[in-house]
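# Examination of the molecular architecture
Listed here are the chains, written in short residue letters.
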Amino acid sequence: MKGKTDFSKGPVWKCIMSQALPLTIAQLVHLLYNVVDRIYIGHMEEGTSIALTGIGLTFPVITLIMAFTALFGNGGVPLFAMARGAGDEEKAGKILGNSFALLLVSSVILTTLGYVFCKPILFAFGASDESFVYARDYLNVYLIGTVFSVITTGMNGYINAEGFPKIGMVSIILGATMNIILDPVFIFVFRMGVKGAALATVISQMISAIWVLSFLFGRKAIIQLRKENIRIKKDITKDIFKLGTSNFIMQGTAFLVQVSCNTTLQSFGGDMYVGIMTVANSIREIFMLPVNGIVNGAQPVISFNYGAGDYERTKSGIKFNTYLGAVYTLVAWALVLIFPKVWFGVFSDDASMAEAGATALRVYFFGFVFMALQFAGQSTFQAVGDAKHAIFFSLLRKAIIVVPLTLLLPRMGLGVMGVFLAEPISNIIGGTASYLTMRLTVYKKLG
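Basis of the calculations
- Residues numbered from 1 in each chain as written.
- Predicted model: local features only at pLDDT ≥ 70, side-chain atom pairs only at ≥ 80, totals over all residues.
- Heavy atoms only, no water.
- Helix = DSSP H or I, 4+ residues; strand = E, 2+ residues; numbered from the N terminus.
- Rg over C-alpha atoms; globule rule 2.2 N^0.38 Å.
- Buried < 20%, exposed > 50% of the residue type's maximum accessible area, 1.4 Å probe, protein only.
- Contact = heavy atoms within 4.5 Å.
- Patch = residues over 30% accessible without salt bridge, like charges linked within 9 Å, V, L, I, M, F, W, Y side chains within 5 Å.
- Areas by Shrake-Rupley, 256 points an atom, 1.4 Å probe, with all protein chains shown as cover.
- Salt bridge = Lys/Arg side-chain N within 4 Å of Asp/Glu carboxyl O.
- Lys, Arg positive; Asp, Glu negative; His and termini not counted.
- Charge placed at Lys NZ, Arg CZ, Asp CG, Glu CD.
- pLDDT = per-residue confidence, 0-100.
- Core = buried A, V, L, I, M, F, W, Y, C linked by side-chain atoms within 4.5 Å.

A count of helical and extended segments in the protein chain gives 17 helices and 0 strands. A compact globule built from 447 residues would reach a C-alpha radius of gyration of about 22 Å, and the protein chain, at 21 Å, matches this within 12%. For the protein chain, the C-alpha atoms occupy an extent of roughly 60 × 45 × 35 Å along the three principal directions. Classification of the 447 residues of the protein chain by burial places 60% in the buried group. If you take every contact in the protein chain between residues at least 6 apart in sequence, the share linking residues at least 24 apart comes to 84%.

Another aspect to go through is a positive patch on the surface. Residues K234, K238, K242 and K388 make up a contiguous surface patch of positive charge. Here the positive patch takes 3 residues from helix α10 (residues 234-268), the largest share from any one element. Tracing the sequence through the fold places K234 in helix α10.

Summing up the model confidence of the protein chain, the mean pLDDT is 88 and the portion of residues at 70 or higher is 96%. The least confident element of the protein chain, judged by mean pLDDT, is helix α1 (residues 12-42) at 76; the most confident is helix α4 (residues 89-116) at 96.

Grouped together as the largest cluster of nonpolar side chains are 125 residues, with contacts concentrated most on M155 and F420. With 16 residues, the single largest contributor to this core is helix α11 (residues 271-307). With residues up to four places along the chain from it excluded, the contact list for M155 reads L96, F100, L103, V150, V212, L216 and L225.

The next point concerns the side chain of T314. Position of T314 among the secondary structure elements: in helix α12 (residues 311-338). The buried category is assigned to T314, whose relative accessible area is 0%. Contact partners of T314, with chain neighbours within four places excluded, come to I302, N305, Y306 and L446.

Next up, the structure:
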């Protein structure tokens, strides 16, 4: 079994693709957790537009939960992979257990804070009296499943890092399939509306979490999750924080962007444009899936070979990661520019929203190809343990570029389109800077 998960053997691109393909399928299915909710809600008979707006207002809260998941879960995966590559399985086991303990504690705290501050948070994020009702109903149910969501997303990366991407894929497919089945039942048959969508998601996340833990505690895992290792240790936690901070900032700055977008759009365009941004983000999530699959497939391979001291294979992994991502994002960009109304129609029947939304999509996706450069640089910094650069470029694109532009451009005469224009500007500047810096720093270390 260990021989099958040895990333030092065989062509590097095959190692990456053997990881990336199952991960992409898993992430595609995982996306259905939330996207299917939005599709069904967007086609309800009554209140579809305002309901979509309400769901969009919950995105910052969900993103913040995912930020802590990335901090404590994804932050440990490169360390875990490097420990495996160096042959130190005892250290790898301790990293695994420490990460799990951090995820459990953070999920309890986040759930509590979510219930206590639900109303002021949603109004601060741009809710109106009408949209707040839908946002509150969805979030109150969704928060019940925080611990399941955190465990599934945070621990599934370790299954992939052990060389079992198909097992990781199944863990996501199980829950997402259940979500697809339960969504129409709860929303339409039981007439639960947005509450039904949230309940279907919670049940689905619970099923996925059970599957993930059953594998990690089981005998098939190369590095098992053992009870004696489930404890928070200062030195390991410090290292997880260093690498996880870049993931946290990426998600955390996405949280800031969502809040600034919602509040600005509410001021300049009202509930309809908040709904349009909800759809734009949903479409972007769909097109980002293969990029995430490629990046997440390459990262453990790069980390493993870097930890083993094989720098030629490390460089080969970085190149393949970059080229494949660039080709895909170029194709995806073209599809959105040519068929914006088709993509928008998947989420809403509202003709007025679709007309304005098509223009917004073309602006929002301009320069999408530069995201490949952003992720190639960002993932490489994380894979080789370069926390400083990973953190900086996480901050650069979102916090330093997008948020200020989102607040300034609409007030400079561009109106709501200024909000959508901030994204492509950040893609071009941030992506180029991240990739060039990676080439000048990491490649120097690799000789």
